[in-house]
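Coordinate inspection notes
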Amino acid sequence: MTMFLYFLLFLAIYALTKHFLNRIQNLPPSPFPALPIIGHLHLFKKPLHRALSKISDRYGPVLLLHFGCRPVLLVSSPAAAEECLTRNDLVFANRPRLLAGKHLGNNYTSLVYASYGDHWRNIRRISTIELLSSNRLQMLSHIRADEVRWLIRRLLRLQNQTADMKSLFFELTLNIMMRMVAGRRYYCESVNNELEAKKVHEIVSESNRLGGTSNISDFLPVMRWTWSGVGFEKSLIELQKKRVSFIQSLIDEKRKMASFNKSSPPVLLEETKCLIEVLLSLQESEPEYYKDENIRGIMLTLYSSGTDTSAGTMEWAMSLLLNHPRVLKKAYDELERNIGEDRLVDESDLAKLPYLNCIIKETLRLYPAGPLLPHESSEECTVHGFRVPGGTMLLVNLWAIQQDPNIWDEPTKFKPERFKEGGLRDGFKLMPFGSGRRGCPGEGLAMRMIGLTLASLLQCFDWEISGEKIDMTEKLGITLSKAQPLQAKCPIALFYSNKIQNLPPSPFPVLPIIGHLYTNPSIELCPRFQTVTVLQPRLLAGRYLGNNYASVIYASYGDHWQNVRHISSLEILSPSQIQILSHIRADEVRLLIRRLLRSADQDQTVEMKSLFFELMLNTVMRMIVEVGLERRLLREELD
């Protein structure tokens, strides 16, 4: 009993001493009491962003917490967030050094986990300018369009059935990211390698699970040596081995293909290159900046971070729309009014859909993908008049700011109309993609993917809930996701039934896998898009007989094809050149006549197919050889 009293006395003295020291040192306010060793960890409940919001409501918008031995500055107001991310932007440009960053971030060298400096600026420049610029995103827009249409086709087969939208959104975003990164897709009818698709799915899922897990050893280092701490670190190490092996195999494959094609004319147009091919081509001129290690880190960041965040936002948006029929009706009306019923919506149409844009912004306000923005101070600074020591972890509670009743009217209600005026960033009241140097470079890509997907789903289907109102309970991992996956009834396709696609009539039935191969197959072209109709299908013959799609017959439309077409039309097959070589055709036709006369004298039957073939082969080969000889002799004479 005496020992227990002594322990209570020690706790009281420690807490009071800590409290008064904070005031003397002009540190931010701190909830009382902060216990020895664990600090304020006893105050935390799941989900963390809501627990921290309640603490801020009680103690103020700028607080100093102690997560075990780690000091944490908690910011929950736009003014304080602005001060941290503008005036002190350089000071808070680092990320906290957590165990996940050591292993999944390749010893804190990836774009997400690297400290601010030359290395981080280099990979940020590569990501922003070479990979995620508006120009690059526009070049790769056909990938997003293809994959959204694939999603629509899958849903057409599920008409009047319940669809697992969470899985469909995940597969959609993973296909988009992997096609952008490596030119591969893992979920579609034509993919045969189910094992590799399963492997990719497991890597992304494990990255999201382990990367978003709050590990107690990050705040109490002694716990790192316990059974659970050792097991968690071992899981991170094993996962990173799988991630590196997978991405490096893709890099090696693209490098091998580039080496194989080096002796051939350039056939890959810039807009058809995947991101690994873009970086490998830059590696040849600047190897010190585009190392394999950097390429691996950037690609891992793109396909891991860009998949779950966008898929989660799509799921939240669809759930909100299904729970709010009035908003859903207004979105339908806007699509019908501004896009019509004669074609599918396209990315270029998103600017004509302001209400849909408001829906996306309101979704990101209520359910930001990353509700807590982590930073770390590199040196001592001042925030809101308080001294913040160097090495302090900063947590901007984005969720709390975006649901603050002092800032937003009816903050918990889904009201897209509040964004009728203004952009995606409303000062520091709304910043779902972060701000400052550490702002998300994939914002443009995410808005395009989410916008096109939602617009297409609303245009093509008349959605309804399967059962009761959708449960909006949250689950926090590396991103804020729904605890219960969205299950929605896939209704009759408005777009399909109204013949909005304006395709030619199609024989019935269309069989699974083989389609119409049991009849006479036909090729459908879209005359509205000339840049589509000039492309040739990429068949296996074109790869080998067409010198890897470089010949005039098999090459894709672009600079290379225009060049060889120019040579063929103006230098070889022009009217003047054909006239110059008319004697060859005359000679060969006379030769054919003489052969036929001899056969007639001998009263023989002739095989005309062989004679016509020999005539054409002789004519073409004489034209090729004599043109070459003529030009060579001319050059020698001029020299």
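Cut-offs and rules
Residue numbers here run from 1 along each chain, matching the order of that chain's written sequence. Local features are withheld for residues below a pLDDT of 70 in this predicted model, meaning they are given only at 70 or higher, and side-chain atom pairs are given and counted only at 80 or more; totals for whole chains, interfaces and linings count all residues. Note that the side-chain values use all heavy atoms of the structure and ignore hydrogens as well as water. Under the scheme used here, helices are H or I runs from DSSP no shorter than 4 residues and strands are E runs no shorter than 2 residues, and both carry numbers assigned from the N terminus. For every residue, the accessible area (1.4 Å probe, protein chains only) is compared with the maximum for its type, and the residue is labelled buried under 20%, exposed over 50%, or partly exposed between those bounds. Note on contacts: a residue pair is in contact if any heavy atoms of the two residues lie within 4.5 Å. Note that accessible areas follow from Shrake-Rupley with a 1.4 Å probe, and for residues the cover is restricted to the protein chains shown. For helices, the fitted line uses only the C-alpha atoms of the stretch in contact; every axis is such a line through C-alpha atoms, and the angle between N-to-C directions lies from 0 to 180 degrees. Should an angle fall under 35 degrees it is called roughly parallel, over 145 degrees roughly antiparallel, and 65 to 115 degrees roughly perpendicular, with every other angle called oblique. Handedness of a crossing follows from how the near helix is turned relative to the far one, being left-handed for an anticlockwise turn of less than a right angle and right-handed for a clockwise one. Polar here means any residue other than Ala, Val, Leu, Ile, Met, Phe, Trp, Tyr, Cys and Pro, which are nonpolar, and Asp, Glu, Lys and Arg, which are charged; Gly is therefore polar. Only when DSSP finds a minimum of two bridges between them are two strands counted as paired. Paired rings are identified among Phe, Tyr and Trp, the last through its six-membered ring, by centres lying within 6.5 Å, and are further divided according to the angle between planes into stacked (under 30 degrees), edge-to-face (over 60) and tilted (the rest). Sitting over a ring, as applied to charges here, requires NZ of Lys or CZ of Arg to be within 6 Å of the ring centre and within 35 degrees of the ring normal. For this analysis, a nonpolar core means a set of buried residues of the types Ala, Val, Leu, Ile, Met, Phe, Trp, Tyr and Cys, connected via side-chain atoms within 4.5 Å. UniProt positions are given in the numbering used here, feature names are shortened, and annotations may be inferred rather than shown by experiment. In protein, a polar contact requires one atom able to donate a hydrogen and another able to accept it; more generally it is a pair of N or O atoms within 3.5 Å, and residues adjacent in sequence count only if both atoms are side-chain atoms. A helix is expected to reach a length of 1.5 Å times the quantity of its residues less one.

Some thoughts on the overall build of the protein chain
The secondary structure content of the protein chain amounts to 23 helices and eleven strands. In the protein chain, which comprises 639 residues, the proportion classed as buried is 46%. Across the protein chain, every contact between residues at least 6 apart in sequence was considered, and the portion connecting residues at least 24 apart equals 71%. Taken as a whole, the protein chain presents about 34,000 Å² of accessible surface, with 58% of it coming from carbon and sulfur.

Details of the packing of helix 7 (residues 141-156) against helix 8 (residues 165-182)
At their nearest, the axes of helix 7 and helix 8 sit 9 Å apart, and the two run at 155 degrees to each other. The orientation of helix 7 relative to helix 8 falls into the category roughly antiparallel. Read as a crossing pair, helix 7 and helix 8 show a hand that is right-handed. Contacts from I143, R144, D146, E147, V148, W150, L151, R154 and L155 of helix 7 reach helix 8 at M165, L168, F169, E171, L172, N175, I176, R179 and M180. Partitioning the contact of helix 7 with helix 8 into residue classes produces eleven nonpolar, one polar and six charged.

Digging into the sheet that holds strand 4 (residues 372-376)
Judged by pairing direction, the sheet is mixed, and its four strands sit side by side in the order 1-2-7-4 without closing on themselves. Edge strands, defined here as strands with exactly one partner in the open sheet, are strand 1 (62-67) and strand 4. Within the sheet, the average angular offset between the axes of one strand and its neighbour, ignoring direction, is 25 degrees. Sheet topology note: the strand 4/strand 7 (residues 393-397) ladder contains five bridges and is antiparallel. If you follow P374 over to strand 7, its bridge partner there is L395.

Examining the packing of aromatic side chains
Enumeration according to the criterion identifies eight aromatic pairs in this entry. Arranged with centres 5.4 Å apart and planes meeting at 85 degrees, the rings of F67 and F219 form a pair that is edge-to-face. You can see F67 sitting in strand 1 and its partner F219 sitting in the loop between helix 9 (194-211) and helix 10 (227-260), a full 152 residues away along the chain. Residue F67 shares its accessibility class with F219, and that shared class is buried. Judged by centre distance (5.5 Å) and plane angle (50 degrees), the rings of Y116 and W120 are tilted. Of the residues examined, Y116 reaches a relative accessible area of 25% and is grouped as partly exposed. In this structure an aromatic cluster arises from ring pairing among F44, F67 and F219. The side chain of R97 reaches across the aromatic face of Y108, ending 4.3 Å from its centre. One residue, R365, lies across the ring of W408, its end atom 5.3 Å from the ring centre.

Structural notes on the nonpolar core
Counting residues in each nonpolar core, the largest one holds 98 residues, and the members touching the most others are L155, M165, M299, Y303 and W463. The dominant element in this core, judged by the number of residues it contributes, is helix 12 (residues 292-323), at 14 residues. Dropping the residues within four chain positions of it, M165 is found in contact with L155, L457, W463, L486 and A488. In this structure, V75, V91, L373 and V396 belong to the second largest nonpolar core, which totals 19 residues.

A word on the pairing of strand 2 (residues 70-75)
Of all six residues in strand 2, five are buried, a share of seventy percent or more. Sheet analysis places strand 1 next to strand 2, joined by six bridges and oriented antiparallel. Each bridged residue has a counterpart across the sheet, and for V62 the counterpart in strand 2 is V75. In this antiparallel pair of consecutive strands, strand 1 and strand 2, the connection spans two residues, and G68 shows a positive phi of 65 degrees.

Let's talk about the UniProt feature "binding site: heme" (unreviewed entry) in the protein chain
Sequence positions flagged by UniProt for "binding site: heme" (unreviewed entry) are, in local numbering, C440. Relative to the elements of secondary structure, C440 occurs in the loop between helix 15 (398-402) and helix 16 (443-460). Taking the relative accessible area as the measure of exposure, C440 reaches 36% and is therefore partly exposed.

Concerning the side chain of E362
Relative to the helices and strands, E362 resides in helix 14 (residues 354-366). A residue is classified by how much of its surface remains accessible, and E362, at 0% relative accessible area, is buried. Side-chain polar atoms of E362 contact the backbone nitrogen of K415, separated by 2.8 Å. When residues no more than four places from it in sequence are discounted, the contact partners of E362 are K413, F414, K415, P416, R418 and F419.

Quick word on helix 16
For helix 16, with 18 residues, the first-to-last C-alpha span of 26 Å sits near the 26 Å given by 1.5 Å per residue. The buried count for helix 16 comes to 16 of 18 residues, which makes it a mostly enclosed element.

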